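# Results of the structural survey
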Amino acid sequence: MIDIKYNHPNIRIETKEVSKIFNLPLKVSVINHISKKEIWNCELNDNCWASFSNDSIFDIIITDATNKLVINREWNIIDDGSYLDKALYLYCKSKPNTKGLAIGTHDGEFGEWVIPTIQGLTKATLVEASTPQFEKLNTNYKKYSNVTLIHNLITTKGQTIEFFEGGKGYTNSVKQEVINSWEKEPISSSMRSSIAINDLLSYKIDWLHTDIEGYDAELLQAIDPNFLPPFIIFEHNNLKIEDKLELENYLIDLGYFLNRQDPVSYLAIKK
């Protein structure tokens, strides 16, 4: 009667003869799982379908014409998550009292670290340099006692560096060529002080997640190998080919196994 498929790259909702049971049209709402804000909606009648980009963590709420709830389909990490989502979730679930660090969290409404963090399976330090994005991150995560929030830029040596932001800060990077390739809105820049990655990692962590728009390779290779955790997810799709290969070889030499099946991020893991 109503079918919801969390496919990749789209969520697809299909109806059959729903008018035999419900008052039409049905309203389909896509809800962000973290902020609980409605992202998009549409109306469906008999034998219709709709799709929405499956690029975050979304719930689907369907109501009838009288606003009566028909379906509340919450995102489930085992059924709907990617390989990397499930990998970090199961890693944290299998190891009590894990500690992790996510650098480049944006507003915290997506990322493999999100579900284990909000479910209290791990302690997480969340770092975001953009002020507009950090303000949203703070709104989304200030209620969690297992979360530490840091509003700062993380670099290899703690240097003062030029920081580029597009639009409302959604796309931001110290790599101008990366932000130029992604951002259609006006780009601004400023000189920013920063925290050296090894000053931030003054304690052992169990997992590390980086999403820093082309700076991942430099930052990871700047970390004292004694503080590199056994579980790392890093964004690779904005890296230059030579930088990606250098990072891969570096991690392999340190004893990591690399899973390269995701088009955006790779998993590096060792026992």
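One structure accompanies this document, and this report is about it. Model, not experiment: these values are computed from the prediction.

### With respect to the overall build of the protein
- A tally of regular secondary structure across the protein gives 8 helices and 19 strands.
- For the protein, the C-alpha atoms occupy an extent of roughly 65 × 45 × 35 Å along the three principal directions.
- Out of the 271 residues belonging to the protein, those deemed buried represent 51%.
- Sequence-distant contacts, at least 24 apart, represent 62% of the contacts inside the protein between residues at least 6 apart.
- As presented, the protein carries roughly 13,300 Å² of accessible surface, and 48% of it is formed by carbon and sulfur atoms.
- When the 28 positive and 37 negative side-chain charges of the protein are each reduced to one mean point, those points stand 5 Å apart.

### A closer look at the environment of Thr160
- Inspection of the secondary structure puts Thr160 in the loop between strand 11 (154-155) and strand 12 (161-166).
- Thr160 sits 40 residues away from Leu200 along the chain, and the two C-alpha atoms are 16 Å apart.

### Focus on the nonpolar core
- If you look at the biggest cluster of nonpolar residues, it comprises 41 residues, and the most contacted ones within it are Trp113, Tyr141 and Trp207.
- With sequence-adjacent residues up to four places away left out, Tyr141 is seen in contact with Ile34, Asp107, Gly108, Trp113, Val114, Thr117, Ile118, Leu126, Val147 and Leu149.
- With 31 residues, the next largest nonpolar core counts Leu200, Leu201, Ala217 and Leu258 among its residues.

### A short note on the sheet that holds strand 2 (residues 10-15)
- Taken in spatial order, the 3 strands of this open sheet run 1-2-5, and their pairing is antiparallel. Strand pairing shows two members of the sheet lacking a second neighbour, strand 1 (2-6) and strand 5 (49-53), which therefore form its edges. Across this sheet, the average inter-strand angle for adjacent strands is 10°, counted without regard to direction.
- Bridging between strand 1 and strand 2 involves 5 bridges; their strand directions are antiparallel. In the sheet register, Ile2 faces strand 2, and the bridge partner there is Thr15.

### Examining the packing of aromatic side chains
- Taken as a whole and assessed by the stated rule, the structure comprises 6 aromatic pairs.
- With 5.6 Å between their ring centres and 45° between their planes, Trp113 and Tyr141 make a pair best called tilted. Of the two residues, Trp113 is situated in the loop between strand 8 (98-103) and helix 3 (114-118) and Tyr141 in helix 4 (residues 131-141); the sequence distance between them amounts to 28 residues. Both residues of the pair, Trp113 and Tyr141, count as buried.
- Members of the aromatic cluster, each reached through a chain of ring pairs, are Trp40, Phe52 and Phe58.
- We note Arg12 situated over the ring of Trp49; from NZ or CZ to the ring centre the distance is 4.2 Å.
- Over the aromatic face of Phe163 sits the side chain of Arg192, whose NZ or CZ is 4.8 Å from the ring centroid.

### Details of the state of the cysteines
- Under the criterion given, the structure shown has 0 disulfides.
- Cysteine Cys48 shares no disulfide, and the gap to the nearest cysteine sulfur, in Cys42, comes to 9.1 Å.

### Brief notes about the side chain of Asn259
- Note that Asn259 resides in strand 18 (residues 257-259).
- Among the polar contacts made by the side chain of Asn259, one reaches the side chain of Tyr83 at a distance of 3.4 Å.
- Of note is the side chain of Asn259, whose polar atom sits 3.1 Å from the backbone nitrogen of Gln261.
- Look past the residues within four positions of Asn259 in its chain and what remains in contact with it is Tyr83, Tyr266 and Leu267.

### As for the sheet that holds strand 14 (residues 187-192)
- Taken together, 3 strands build an open sheet; the order of strands is 13-12-14 and the sheet is antiparallel. The open sheet terminates on both sides in strands that have one partner only, identified here as strand 13 (171-173) and strand 14. Taken over all neighbouring pairs, the strand axes of this sheet differ in orientation by 20° on average, direction set aside.

Cut-offs applied
Residue numbers run consecutively from 1 along every chain, following the written order of its sequence. Only residues with pLDDT of 70 or above have their local features reported here, since the model is predicted, and side-chain atom pairs are shown and tallied only from 80 upward, although totals for entire chains, interfaces and linings are computed over all residues. By convention in this description, side-chain values take in all heavy atoms of the structure and omit both hydrogens and water. Helix and strand definitions follow DSSP, with helices as H or I runs of at least four residues and strands as E runs of at least two, each counted in order from the N terminus. Under the scheme applied here, a residue whose accessible area is under 20% of the maximum for its type counts as buried, over 50% as exposed, and between as partly exposed, the area being computed with a 1.4 Å probe on protein chains only. Contacts are assigned to residue pairs with any non-hydrogen atoms lying within 4.5 Å of each other. All accessible areas in this document rest on Shrake-Rupley with a 1.4 Å probe, and a residue is counted as covered only by the protein chains that are shown. Charged residues are defined here as Lys and Arg on the positive side and Asp and Glu on the negative side; His and the ends of the chain fall outside this count. Taken as the charge location is NZ of Lys, CZ of Arg, CG of Asp or CD of Glu. Nonpolar core, defined: a set of buried Ala, Val, Leu, Ile, Met, Phe, Trp, Tyr and Cys residues in which side-chain atoms within 4.5 Å join the residues together. Strand pairing requires that DSSP identify at least two bridges connecting the strands. Between the N-to-C directions of two axes lies an angle of 0 to 180 degrees, each axis being a line fitted to C-alpha atoms and, for a helix, fitted only over the stretch in contact. The aromatic pairing rule takes the rings of Phe, Tyr and Trp, using the six-membered ring of Trp, and pairs them if the centres are within 6.5 Å, calling planes under 30 degrees apart stacked, those over 60 edge-to-face and the rest tilted. A positively charged side chain is recorded as over a ring if its NZ (Lys) or CZ (Arg) lies within 6 Å of the ring centre. The angle to the ring normal must also be within 35 degrees. Cysteine sulfur atoms that pair up within 2.5 Å are treated as a disulfide. Contacts described as polar in this section are N or O atom pairs within 3.5 Å, which, within protein, must combine one atom able to donate a hydrogen with one able to accept it, while residues neighboring in sequence count only if both atoms come from side chains.

Function cannot be read off these values alone, since they describe shape.
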